[in-house]
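Next come the chains, spelled out residue by residue.
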Amino acid sequence: LAKTTQPISMDSYEGQEVNITCSHNNIATNDYITWYQQFPSQGPRFIIQGYKTKVTNEVASLFIPADRKSSTLSLPRVSLSDTAVYYCLVGVRAGTASKLTFGTGTRLQVTL
Amino acid sequence: DAGVTQSPTHLIKTRGQQVTLRCSPKSGHDTVSWYQQALGQGPQFIFQYYEEEERQRGNFPDRFSGHQFPNYSSELNVNALLLGDSALYLCASSPRLQGSSTDTQYFGPGTRLTVL
């Protein structure tokens, strides 16, 4: 199965906008793209989910191009408490089925 | 409204033993998925249960098995434990609204399994 890849790490200053991209070339046709935030020794926390184009909620935006082979999570005005690991979750084509696959994860470090 | 709950929170076993982990889904959710997360790694999908049947399975050996009960709660069983099974085991529940395996999943806090 093709890997679902993300940048290993990103650094940002407080108050800046952060964009994290996930590459998922083999995404299943009917499956959604979901992003999660995870702190050490905790379960992943839901951030946002989309199928195509742009989705926005109170904490983030999700941009998905027409071919759906990638997605970008946008965090506006990050704060120190946004320091965490961010994962995308997609269904990856596996024959006639799809396999739930997390991205490789991006460690975001926010500093003053 | 309780979220996803898992028990126990921590567990220590020795090689060759068997372990059972438990998960209660969020109220209104009928689909349960299990994941293994090794230290410093992303979660790896084990399997998903819906209507008391395994609907989808990741690349895990038959030592990993599960069950879903009529009240939608679920168990993960691991037989013949190996040192490499040490990990955080995560349970996620979702409502099967869209008929997709990627219907929004909400995760529990996990069970930390240590195999000595």
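A brief structural summary. Just so we're clear, the structure is a prediction, and the values are computed from it rather than from any experiment. (Residues numbered from 1 in each chain as written. Chains lettered and ligands numbered in written order. Predicted model: local features only at pLDDT ≥ 70, side-chain atom pairs only at ≥ 80, totals over all residues. Heavy atoms only, no water.)

**A word on the interface of chain A and chain B**
The figure often quoted for interface size is the accessible area lost as the parts come together. The partner chain B presents 25 residues to the 20 residues of chain A that form the contact. Between chain A and chain B the total buried area reaches about 1700 Å² when both faces are included, carbon and sulfur atoms providing 52% of it. A per-residue breakdown of the area chain A buries against chain B is headed by A:Y32, A:L100 and A:F102, which together make up 33% of the total. Run the count over chain A and chain B and you get zero salt bridges. The interface formed by chain A and chain B holds seven residue pairs in polar contact (both at pLDDT 80 or more) in total. Elements supplying a minimum of two residues to the side of chain A that touches chain B: β3 (33-38), β4 (45-50), β8 (84-94) and β9 (97-102) of chain A. (Contact = heavy atoms within 4.5 Å. Buried area = accessible area lost by both parts, 1.4 Å probe. Salt bridge = Lys/Arg side-chain N within 4 Å of Asp/Glu carboxyl O. Polar contact = N/O pair within 3.5 Å; in protein donor to acceptor, adjacent residues only side chain to side chain. Helix = DSSP H or I, 4+ residues; strand = E, 2+ residues; numbered from the N terminus.)

**As for the sheet that holds strand β1 (residues 5-7) of chain B**
Residues and elements named next belong to chain B. In spatial order, the strands read β1-β3-β8-β7; together these four strands make up an open sheet with antiparallel pairing. Each edge of the open sheet carries a strand with a single partner, namely β1 and β7 (64-68). Between one strand axis and the next, the sheet turns through 20° on average, direction left out of account. Direction of pairing for β7 relative to strand β8 (residues 74-78): antiparallel, over a ladder of five bridges. Residue pairing for β8: F64 is matched across the bridge by V78. (Pairing = 2+ DSSP bridges. Axes fitted to C-alpha atoms, helices over the stretch in contact; angles between N-to-C directions.)

**Quick notes on the sheet that holds strand β5 (residues 53-56) of chain A**
All names here are of chain A. A sheet is described by the order of its strands in space; here four strands give the open sequence β2-β7-β6-β5, paired in antiparallel fashion. Pairing within the sheet leaves two strands with one partner each, and these edge strands are β2 (18-23) and β5. Each neighbouring strand pair of the sheet contributes to a mean axis angle of 15°, computed without reference to strand direction.

**Here we look at unusual backbone geometry**
All names here are of chain B. Cis geometry is adopted by the peptide bond preceding P8, which originates at S7 and carries an omega value of -10°. For P8, the location among the structural elements is in the loop between β1 and β2 (10-13). The backbone of E52 shows a phi angle near 65°, a positive value even though the residue is not glycine. For E52, the location among the structural elements is in the loop between β5 (44-50) and β6 (53-57). On the basis of relative accessible area, E52 is assigned to the partly exposed category, the value being 42%. Backbone geometry at A80 places phi at a positive 45°, although glycine is not the residue there. (Buried < 20%, exposed > 50% of the residue type's maximum accessible area, 1.4 Å probe, protein only.)

**Focus: the pairing of β5(B)**
Residue and element names in this part refer to chain B. Burial analysis of β5 places six of its seven residues in the buried class, the great majority of the element. Alignment of strand β4 (residues 31-37) against β5, held across six bridges, turns out to be antiparallel. Bridged to T31 within β5 is Y50. Where β4 folds back onto β5 in an antiparallel hairpin, the turn is made up of six residues, including G40, whose phi is positive at roughly 80°. Here β5 pairs with β6 via four bridges, running antiparallel. In the strand pairing of β6, Y50 is matched with E53.

**Examining the pattern of salt bridges**
Residues and elements named next belong to chain B. What the rule picks out here adds up to four salt bridges over all chains. Among the ionic pairs, E75 bridges to R22, the shortest N-O distance being 3.4 Å. Of the two residues, E75 is situated in strand β8 and R22 in strand β3 (residues 19-24); the sequence distance between them amounts to 53 residues. Between R63 and D85 there is a salt bridge, with the nearest N and O atoms lying 2.9 Å from each other. With R63 in the loop between β6 and β7 and D85 in the loop between β8 and β9 (87-94), this residue pair connects regions lying 22 residues apart in the sequence. Here R63 matches D85 in class, with each residue buried.

**Some points on the nonpolar core**
Judged by nonpolar contacts, the single largest core of 21 residues is most densely connected at A:W35, A:I47, A:L73, A:L75 and A:Y86. Where this core is concerned, the elements lending two or more residues are β2, β3, β4, β6 (61-64), β7 (70-75), β8 and β10 (106-111) of chain A. Considering every element that reaches this core, the biggest residue donor is β8(A), with five residues. Membership of the second largest hydrophobic core comes to 20 residues, among which are B:L21, B:L76, B:A87 and B:L113. (Core = buried A, V, L, I, M, F, W, Y, C linked by side-chain atoms within 4.5 Å.)

The quantities given are spatial measurements derived from coordinates; they are silent on function.
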